[in-house]
Amino acid sequence: MSSETSTTIVVMGDREEIFPQEPAERPRLRPGRLALVSITLLTFAFLYVPIAILVVFSFNDARTGAVWQGFTLDWYARLFRNERLLDAALRSLIIASVSTAGSVVIGTMTALGMERYRFRSKTFWDGLLYMPVIVPEIVAGVSLLLFFAAASIERGFLTLAVSHIAFSMPFVYLTVRARLADFDLSIEEAAKDLGADEWVTFRRVTLPLLMPGIVSGALLAFTLSVDDFIISFFVTGRGWDTLPIYIWSALKRGVTPEVNAVSAMLLLFSATLVVASLILQRRRAY
Amino acid sequence: MANDFAVELREVVKLYGTMAAVDHVSMSIRHNEFFSLLGPSGCGKTTCLRMIAGFERPTSGQILIDSRIMGLTPPFQRNVNTVFQSYALFPHMTVEQNVAFGLEMKGVARAEIARRVGEALALVRLPHLAKRYPKQMSGGQQQRVALARALVNRPKVLLLDEPLGALDLKLRKEMQIELKTLQRDVGITFIYVTHDQEEALTMSDRIAVMSHGKALQIGSPLEIYERPACKFVADFIGETNFLEGRVTAINGEFATLSVGAGQTFTGRRVNGLRVGDPATLSVRPEKMQLVEHPVDGAVNTYEVTVFSIAYVGSDTRVIINLGGQRLDVWEQNSTSTLNPDDYFFKPGEKAWLTFKPENALVLAQ
């Protein structure tokens, strides 16, 4: 006992020598520090400057070119008069709503099943659910196209919705699974112990506790659906061009500030949903 | 007659794969009894409780609650409630909503729910925290909410799974007394799972001592401590000294045991031992005395050497050497003195150990 105490004292003594107090004033920019700061700034510039340029030029009062001519909201006003664009946006929202609803139901049920039941090669099946992370979008798009063609399914609303459910469901699965990881199963037992049957237990206890995970997954799924171009491009049919497909076809006629404006709005929309989703994921259970 | 027991287990077996978590356990728990399932972790006590609650199904055997065979009856149709080790409060509901949950499920009228929730919270002395969420409360308070949430349903039987396990020692002691008082007041059968023998002894009317899925002994705290039925129970409950040997003589309810180099010890005989059987003498440290001179005519008197002494306030714990065996002897410090010499044995000194045969037990191996 006494030897332990003395050992501790020795260690504490040493620590004072090894870590002398830092001087109050440090040189502000040592070479290493300068490099670190520059690299950091360059990285963020690399990520965001192109986007900033896009947004800035959506307010540029000029039909073409990369020269600033003055501020205008004209391009945004035009957007809202462009029937074809508005139709494409509406179709995007419809597909996103349907595919989000589908992926929420399937993803939540999959997460509950994977969490509750033990079965053989569970890790393998869990890994398969990371499909959109593993499979390149172009491969997913081509394979879906081949599949629908082989099954003689006409391309349009149905093929779009099914494909969007397929790539967004895993994100709901992941967020709900994360929520379930710190879920005390005895809470469900307590509900049953107090007279709630399986369904009431799910509705009154399990579902409310999973809700932040479900909503956060739904926001991600919605964003992914609205943003998707590659897979949609392959599986869409006549009359079902989504907003990203419309933008792409508009680009064929040249980059106009109108395209900049619609992209800027899409960016704002997606960013809002993703931030909301992150906030919900961070929030601890009560 | 049929209504004599609140809960009955008949030859209950629970297998996990080939491992028997509960191995042919039978016990009958009386109405209004405070009954404890006591044993080390993995002894099957919690599995028994979970089978009574309906969370697990027995592999074979029967469980009866209020004389009704439970069979496949799901938890939500059994007239029992559980206080979980982790409390398992609903984190998204206030204290009030937590306590009201069971009554809501039964379809009790709103006004009645409000009244009974109030009563239940008053019973656990938490009416002022009704609007709080579980996360805003201390462990002890959450524990009481869990208790109120179960008791408000007026179950036939309350099942408690190590409910005090997460509390600190002082709070535990308080809650032990509180729980016991509560149980007497509400008149509900309590089945209490614990690995803490002192807790079980303090609160229980009867205790079932479990090990490796079997109920080794069922009896009052007094019976369990003073007349353990086997070595495991004698060892698990309290402290004891074991001396192993062979039975050389039987005299009515006493048996004499010969140990190693020919020393003989006499104690109460249990388990129908016969001459020649291997057996173990169990004698508790506080039931032996150390004296300076041999006691005339005493049956169990031996010369020993004092190995070490430890003063622990209420008593002095002496370790002695008896023919190579170390034994613990606790001498109560019945006088108050500051002179160390008054505790007249010192390490290395010779002394005489004595105990009465009726204070020792001869158990089967």
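Please read these numbers as outputs of a predicted model, since none were measured by experiment. (Residues numbered from 1 in each chain as written. Chains lettered and ligands numbered in written order. Predicted model: local features only at pLDDT ≥ 70, side-chain atom pairs only at ≥ 80, totals over all residues.)

Draft legend 1. Representation of the overall build of chain A in the model. Within chain A, the secondary structure is distributed over 13 helices and 0 strands. Its helices and strands taken in sequence order, chain A reads α-α-α-α-α-α-α-α-α-α-α-α-α from the N to the C terminus. By the burial criterion, 30% of the 286 residues in chain A qualify as buried. Expressed as a percentage of contacts within chain A between residues at least 6 apart in sequence, the contacts between residues at least 24 apart total 80%. (Helix = DSSP H or I, 4+ residues; strand = E, 2+ residues; numbered from the N terminus. Buried ≥ 20, exposed ≤ 12 C-beta atoms within 10 Å, placed from the backbone. Contact = placed C-beta atoms within 7 Å.)

Draft legend 2. The arrangement of helix α3 (residues 110–123) of chain B in detail. All names here are of chain B. With 14 residues, α3 should reach 20 Å at 1.5 Å per residue; the first-to-last C-alpha distance of 20 Å fits that figure. For α3, every residue scored as buried is listed here: Ile-113, Val-117, Ala-120 and Leu-121. In an axial view of α3, the angular spread of the buried residues amounts to 95 degrees, which keeps them on one side of the axis. Along α3, exposed side chains directed more than 90 degrees from the buried face belong to Ala-111, Glu-112, Arg-115 and Ala-122. Where α3 is buried, its residues meet α2 (95–105) and α4 (139–151). Two residues or fewer after α3 comes Arg-125, characterised by a positive phi angle close to 60 degrees. (Expected span 1.5 Å × (residues − 1). Arc of directions from axis to C-beta.)

Draft legend 3. Just the domain arrangement of chain B, in detail. Once the domains are mapped, chain B shows domain 1 (5–229) and domain 2 (239–364). In this structure, domain 1 of chain B and domain 2 of chain B have C-alpha centres spaced 40 Å apart. (Domains from an automatic or database assignment.)

Draft legend 4. Expanded view of the interface of chain A and chain B. Taken together, the contact between chain A and chain B spans 16 residues of the former and 19 residues of the latter. Listed by contribution, the elements that provide at least two residues to the side of chain A that touches chain B are α9 (186–193) and α10 (198–227) of chain A. Ranked by residues supplied to the side of chain A that touches chain B, first place goes to α9(A) with 6 residues. Tallied by class, the residues present in the side of chain A that touches chain B amount to 9 nonpolar, 2 polar and 5 charged. (Nonpolar A, V, L, I, M, F, W, Y, C, P; charged D, E, K, R; others polar.)

Draft legend 5. How the structure looks around the domain arrangement of chain A. All names here are of chain A. Domain annotation of chain A identifies domain 1 (2–57) and domain 2 (75–282). Contact with domain 1, which involves 4 residues of that partner, is made by 5 residues of domain 2. When the residues that make up the side of domain 1 that touches domain 2 are grouped by side-chain class, the tally is 4 nonpolar, no polar and no charged.

Draft legend 6. Focus on helix α1 (residues 45–53) of chain B. All names here are of chain B. Counting buried residues in α1 gives 9 out of 9 residues, a clear majority hidden from the surface. Among the residues of α1, those classed as buried are Lys-45, Thr-46, Thr-47, Cys-48, Leu-49, Arg-50, Met-51, Ile-52 and Ala-53. Count one or two residues on from α1 and you reach Gly-54, which has phi positive near 100 degrees.

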